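Close look at the chain arrangement
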Amino acid sequence: MTDIPKFRCPLRAGALALGMAIAAATVPSVSDAQTRGGTLTYARYVDANFLDPVFCDGNSDIWILSNLFDTLILPSENGSGFQPGLASDWSISDDGMTVSLTMRDGTKFSDGSAITAEDAKWSLDRARSPENGIYNSILSSIDTLTIPAEGKLEISLKHPDPAILAALTAFNAAVLPSKLYEAAPGETVIEKARVMGANPVGSGPFMFDSWSRGASMKLVRNPHYWREGTDGKPLPYLDTLEFEIIPDDATRILKVQSGEIDGAEFIPFSRVNELKADPELNMTIFPGTKVVFANMNVRPEFKDGSPNPLSDVKVRQALNYATDKDAVIGIVTHGIGTPMSSYMSSATPMHSGEGSVFPFDIDKAKALMTESGWPDGFETTILVLPGSVDEIGIATALQQFWAPLGVKLSIEQVDNATRQALWHAGDYPIRAMQWTDDISDGSQITGFKVYSPNIEAQRSGWHNASIDLLYEESQKETDPEKRIALYAEIQAEYNQTGPEIQLFEAGYPVLLQNDVVGFVQLPLGNNIFAKAYKE
């Protein structure tokens, strides 16, 4: 087994251990004799948008991609460390400037073609390009990639990167078939990606079969997959994995209860206790790094040229103080969640803080509104998904909390594709949002939420030049204590002035039939079906 170098940053042990204990109490144990074959049907609340590891940008894509593509290094089973993937071994030089990897012998893509070091080099070069996707910063420390010998890959870094191994487990670091991509129709990288993303050829346990957008997707067993099950035969155990797209929470639950489908994601917290009491079902909360918040557009003006009240930091702070997080947790999660104490989850490495950043204080909220440029309040809108009990519950609570400030909040229900398009364009006031880490390091969420050169701080328009410099410094700092101090400074500033209403963190509620065994949702969010089967 590969030794984990000193740069490794595991998840917070206490938070993770607690979550694993919760999950262990409800997830069926895997038996010694797994059943092979059959179809598992799983309901998703939204469809994927783009099945390309580099150009995707949301969990609706990422959690599918983890079943279609493998990376050189994989996250460990509990999400806190690493295990060999398409690379069977790796090492980091003493000066931290070089990562050397050995490709696993005999691996193949789902079309039967060999996976080579050349494919890995091409894939990482594509993923790290500033021109490609929104997560290229995860791999920005890479300077050059070379192939010193057959089956070997060497990564030279611009500077020591404490998160480089974690970065190599990220979805955008997946290994793709370079020759197929290069031969695909299209003049540009994105044009070729659209072609390949419509019918991807991958390296994961399943391969793409069909997709009826907005309705369903079908994956089938990859006959060339390299990993073996406990029976000594190649994974996965299932022949077919079908996803049904069911935005309405109640309908997803009813279909599991009736036996029409085998499982469903994003179960409303308000239904968890009821469903746990049903002996015919397995209601599980997988431990995670999910944080739930409201993301605000803080540009001085909206697209139509009208002034934006949310650009005033005192307005944002007033809205935060006026929001009773404990009440939201009680109303929406029925006590399952805990208040956010920073923009990242308490299980994320580099987390700093205890308790709510803005404890409920309506008097302080009113005072801040009086001091702001909007003392009489204003009208604004929050975008939520139709049929999402949690998002609608959050928005309804915010309506009530903000009314005493003279803020009239309208709730607009829009489908996921429309909301994503408005968000991408910066053409929105407020949107309900959640985040799950994809790597076991605080750099990813910080690069996404805080670092303004990368998609303008989660497309909010927030900018702080000194914080950007601190983030850049943190990416090069290998001394753990100094790195923690840098992240503490970043969090202190962003938490006070940033573009979000921090609400709560919680695990992932998943409802399964009792005969579904081996399905796992990692703390990093990935839905892992490779070892799932039906008894």
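For the structure itself, look to the data block above.
An account of the accompanying structure is given in this report. Here the structure is a predicted model, which means the values were calculated and not measured.

**Let's talk about the overall build of the protein chain**
Secondary structure assignment for the protein chain yields 17 helices and 21 strands. In terms of overall size, the protein chain behaves like a compact globule, its C-alpha atoms giving a radius of gyration of 23 Å where 535 residues would be expected to give roughly 24 Å. Referenced to the eigenvectors of the C-alpha coordinate spread, the extents of the protein chain come out at roughly 70 × 55 × 45 Å. Within the protein chain, the fraction of its 535 residues that count as buried is 58%.

**Focus on the side chain of Arg 126**
Within the fold, Arg 126 resides in helix α3 (residues 117–128). In this structure, Arg 126 is in contact with Asp 52, Val 54, Phe 55, Asn 132, Leu 176, Tyr 181, Val 189 and Ala 193, ignoring residues within four places of it in sequence.

**Section: the pattern of salt bridges**
With the rule as written, the count across this model stands at 14 salt bridges. Across the pair Arg 126 and Asp 52 runs a salt bridge whose closest N-O atoms are separated by 2.7 Å. Separated by 74 residues along the polypeptide, Arg 126 in helix α3 and Asp 52 in the loop between β1 (39–44) and α2 (59–68) bring together distant segments of the chain. For Asp 52, a relative accessible area of 0% translates into the label buried. The salt bridge involving Glu 500 is made with Lys 449; its shortest N-O contact spans 3.1 Å. Here Glu 500, found in strand β17 (residues 500–513), pairs with Lys 449, found in helix α14 (residues 443–449); they are 51 residues apart in sequence, far enough to count as distant.

**Details of the packing of helix α9 (residues 313–322) against helix α11 (residues 362–371)**
Geometrically, a packed helix pair is captured by the angle between its two axes and the distance between the axes. As a packed pair, α9 and α11 sit with axes 8 Å apart at the nearest point and diverge in direction by 165 degrees. When the axis of α9 is compared with that of α11, the two are roughly antiparallel. Helix-helix and strand crossings are classified by hand; for α9 and α11 the assignment is left-handed. Taking contact as the criterion, the partners of Lys 314, Val 315, Gln 317, Ala 318, Tyr 321 and Ala 322 in α9 are, on α11, Ile 362, Lys 364, Ala 365, Leu 368, Met 369 and Glu 371. Considered class by class, the residues forming the contact of α9 with α11 number 8 nonpolar, 1 polar and 3 charged.

**Details of unusual backbone geometry**
Backbone torsion omega between Leu 235 and Pro 236 reads 5 degrees, so that peptide bond is classified as cis. Structurally, Pro 236 can be placed in the loop between β9 (216–221) and β10 (240–245). At Glu 456, a position not held by glycine, the phi torsion is positive, near 50 degrees. Mapped onto the secondary structure, Glu 456 falls in helix α15 (residues 455–459). With phi around 55 degrees, Ala 457 is a residue other than glycine that occupies positive phi space. On the secondary structure map, Ala 457 appears in helix α15. Since its relative accessible area comes to 0%, Ala 457 is described here as buried.

Rules used in this analysis
- Residues numbered from 1 in each chain as written.
- Predicted model: local features only at pLDDT ≥ 70, side-chain atom pairs only at ≥ 80, totals over all residues.
- Heavy atoms only, no water.
- Helix = DSSP H or I, 4+ residues; strand = E, 2+ residues; numbered from the N terminus.
- Rg over C-alpha atoms; globule rule 2.2 N^0.38 Å.
- Buried < 20%, exposed > 50% of the residue type's maximum accessible area, 1.4 Å probe, protein only.
- Contact = heavy atoms within 4.5 Å.
- Salt bridge = Lys/Arg side-chain N within 4 Å of Asp/Glu carboxyl O.
- Axes fitted to C-alpha atoms, helices over the stretch in contact; angles between N-to-C directions.
- Parallel < 35°, antiparallel > 145°, perpendicular 65-115°, else oblique.
- Left-handed = near helix turned anticlockwise from the far one by under 90°.
- Nonpolar A, V, L, I, M, F, W, Y, C, P; charged D, E, K, R; others polar.

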